[in-house]
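If you want the building blocks of each chain, they are given just below.
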Amino acid sequence: LSDLASGPQAAPPAVALAEAGRPMEQELPGRSHYLNLCAGCHAANGRGVPHVAPGLVGNSSVTDADPHNLLVSILDGLPAHELPGLERMQAMPGFARTLSDEDISALGNWLRVEYGKRPASVTPGDVARLRQR
């Protein structure tokens, strides 16, 4: 967890939105969750941070027609990964205990639309069914 404490910090939401060229009043549902919970590791632009977290732009979990893997990753998190050479990715916390079904569906939809060019088709019911598995 020391990597989390020393890793890149997310810009405050208003700053990140301004840097992205979007005024606060145009904030999309799920974007604030991304900026507050994910951007510190995955970067405000979704391109990821080397040795910390993969990019989400074009990531297969985000672009897949079936949002299952994306939602399970958000709910349960992911373990740290040791990759060939010196490459590694830190663990990702799960948000099942801190985000509601509505929050996770909004975040999942925002990621799919913004970084995956997929439709916003995730419902709170989809998330609830995965919680019950």
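All values reported here derive from a predicted model rather than from experimental measurement.

J.: Could you give me a rundown of the pattern of salt bridges, with the residues and numbers involved?
T.: Scanning all chains against the criterion turns up four salt bridges. With its nearest N and O atoms 2.3 Å apart, the salt bridge here joins D101 to R131. Here D101 is found in helix α6 (residues 101–116), whereas its partner R131 is found in helix α7 (residues 124–131), with 30 residues between them in sequence. Across the salt bridge formed by R129 and D126, the nearest N and O atoms sit 2.7 Å from each other. Placement of both R129 and D126 in helix α7 is noted, with a separation of three residues, approximately one turn of the helix. On the basis of relative accessible area, R129 is assigned to the exposed category, the value being 53%.

J.: Please provide a residue-by-residue account of the nonpolar core, values included.
T.: Y34, I74, I104, L111 and Y115 are the most contacted members of the largest nonpolar core, which has 21 residues in total. Elements represented by at least two residues in this core include exactly α3 (31–42), α5 (68–76), α6 and α7. Not counting chain neighbours up to four residues away, the residues in contact with I74 comprise M92, G94, F95, A96, I104, L107, G108 and L111.

J.: Give a detailed account of unusual backbone geometry, specifying residues and quantitative values.
T.: Even without a glycine there, the phi angle at H51 is positive, about 65°. Mapped onto the fold, H51 is located in the loop between α3 and α4 (60–63). Owing to a relative accessible area of 42%, H51 belongs among the partly exposed residues under this scheme. Even without being glycine, K117 reaches a positive phi, approximately 55°. The class of K117 is exposed, set by a relative accessible area of 68%.

Conventions adopted
- Within any chain, residue numbers begin from 1 and follow the written order of that chain's sequence.
- Reporting of local features is limited, given that this is a predicted model, to residues whose pLDDT is at least 70; pairs of side-chain atoms are given and counted only at 80 or more, and all residues count toward the totals for whole chains, interfaces and linings.
- As a convention, hydrogens and water are excluded, and side-chain values are obtained from all of the structure's heavy atoms.
- One side-chain nitrogen of Lys or Arg within 4 Å of one carboxyl oxygen of Asp or Glu is enough to make a salt bridge.
- Strands are runs of DSSP state E lasting at least 2 residues, helices are runs of H or I lasting at least 4, and numbering of each runs from the N terminus.
- Burial here depends on accessible area, computed with a 1.4 Å probe over protein chains only, as a share of the maximum for the residue type. Under 20% is buried, over 50% is exposed, and the range in between is partly exposed.
- By nonpolar core we mean a set of buried residues, namely Ala, Val, Leu, Ile, Met, Phe, Trp, Tyr and Cys, connected to one another through side-chain atoms within 4.5 Å.
- Should any heavy atoms of two residues lie within 4.5 Å, those residues are counted as being in contact.

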